[in-house]
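So the chains spell out like this:
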Amino acid sequence: MYVKGKAGMYQSNSSMPYKIYMLQGNVSAGVYLLRLKTIKYHTFEPYVSVGASYQQAKFYGYYLPTDDDGKPVSTNYSNTDSPMLGKTGSTFINVTTGVEYQLESDTHMFLHLFAEVNYGILISSQSSNASFNGTTPSNLSALSVGISFGSIR
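Rules used in this analysis
Residues numbered from 1 in each chain as written. Predicted model: local features only at pLDDT ≥ 70, side-chain atom pairs only at ≥ 80, totals over all residues. Heavy atoms only, no water. Helix = DSSP H or I, 4+ residues; strand = E, 2+ residues; numbered from the N terminus. Rg over C-alpha atoms; globule rule 2.2 N^0.38 Å. Buried < 20%, exposed > 50% of the residue type's maximum accessible area, 1.4 Å probe, protein only. Contact = heavy atoms within 4.5 Å. Areas by Shrake-Rupley, 256 points an atom, 1.4 Å probe, with all protein chains shown as cover. Lys, Arg positive; Asp, Glu negative; His and termini not counted. Charge placed at Lys NZ, Arg CZ, Asp CG, Glu CD. Polar contact = N/O pair within 3.5 Å; in protein donor to acceptor, adjacent residues only side chain to side chain. Phe/Tyr/Trp six-rings, centres within 6.5 Å; stacked < 30°, edge-to-face > 60°. 1 Å grid on protein atoms, 1.4 Å probe; cavity = no way out; pocket = protein on both sides within 12 Å on 5 of 7 lines; lining within 4 Å. Points joined across faces, edges and corners; volume = space filled by probe spheres on them.

### Some points on the overall build of the protein chain
Then step 1. Tallying secondary structure elements over the protein chain gives 0 helices and 6 strands in all.
Then step 2. Each helix (α) and strand (β) of the protein chain, taken in turn from the N terminus, gives the series β-β-β-β-β-β.
Then step 3. Relative to the globule expectation of 15 Å for 153 residues, the C-alpha radius of gyration of the protein chain, 21 Å, shows a markedly less compact shape.
Then step 4. Across its three principal directions, the C-alpha atoms of the protein chain cover 65 × 30 × 25 Å.
Then step 5. Expressed as a percentage of its 153 residues, the buried residues of the protein chain come to 26%.
Then step 6. Across the protein chain, every contact between residues at least 6 apart in sequence was considered, and the portion connecting residues at least 24 apart equals 63%.
Then step 7. Split by element, the accessible area of the protein chain, about 10,200 Å² in all, is 60% carbon and sulfur.
Then step 8. For the protein chain, the distance from the average position of its 10 positive side-chain charges to the average position of its 9 negative side-chain charges is 5 Å.

What follows is the structure, given as structure tokens:
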């Protein structure tokens, strides 16, 4: 069994007419399926995990009539920063299945390549501005490929 924590920060491209900043965090617990009966090294290790994640997005710009405090949004051409219009937060339950190719696994260090498919189930959603009510991610699935490394004590 294992426990993982992930955190990420994303922002919109500078070519967009408005800015969006997103923070995301995840905690999950999983099990390697081939290790359920005997604990020994396998080159390929399939796994499944279940976890919870939270995603917060902050929206900036001049495209709404009011900001998240209800004040009218007006364009200030002497200021290069857009006002924050509001933020949304969403909580999910995640189910993941994947496989690892274990390049190095000794008693203290590991280096693994992985590919996984993740599906999320929306639990709750909230927003600070009524204009963003109902703003949630529309596709809660992801395919990830990467490298996992670390030290075990």
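Moving on from the model shown.
### Section: the side chain of N129
Then step 1. With respect to the helices, strands and loops of the structure, N129 is situated in the loop between β5 (109–127) and β6 (141–151).
Then step 2. N129 gets classed as buried once you look at its relative accessible area, which sits at 5%.
Then step 3. A distance of 2.9 Å separates the side chain of N129 from the backbone nitrogen of S131, its partner in a polar contact.

### Some thoughts on the packing of aromatic side chains
Then step 1. Inspection of every chain in the model, using the stated rule, returns 7 aromatic pairs.
Then step 2. An angle of 45° between the planes, with centres 5.3 Å apart, marks the rings of Y2 and Y32 as tilted. In this pair, Y2 is assigned in strand β1 (residues 2–11) and Y32 in strand β2 (residues 19–32), connecting sequence segments 30 residues apart.
Then step 3. The buried category is assigned to Y2, whose relative accessible area is 13%.
Then step 4. You can call Y32 buried: its relative accessible area is 12%.
Then step 5. Between the aromatic rings of Y2 and Y47, the centroid separation amounts to 6.1 Å while the plane-to-plane angle is 80°, which identifies the pairing as edge-to-face. Remark: Y47 occurs in strand β3 (residues 44–60) and Y2 occurs in strand β1; sequence separation between them is 45 residues.
Then step 6. In this structure Y47 comes out as buried when scored by relative accessible area, which is 1%.

### Describing the layout of surface pockets
Then step 1. Approximately 580 Å³ is the volume found for the largest pocket.
Then step 2. Contributing to the lining of the largest pocket are 31 residues, with Q24, N26, N94, N118 and A142 lying nearest its centre.

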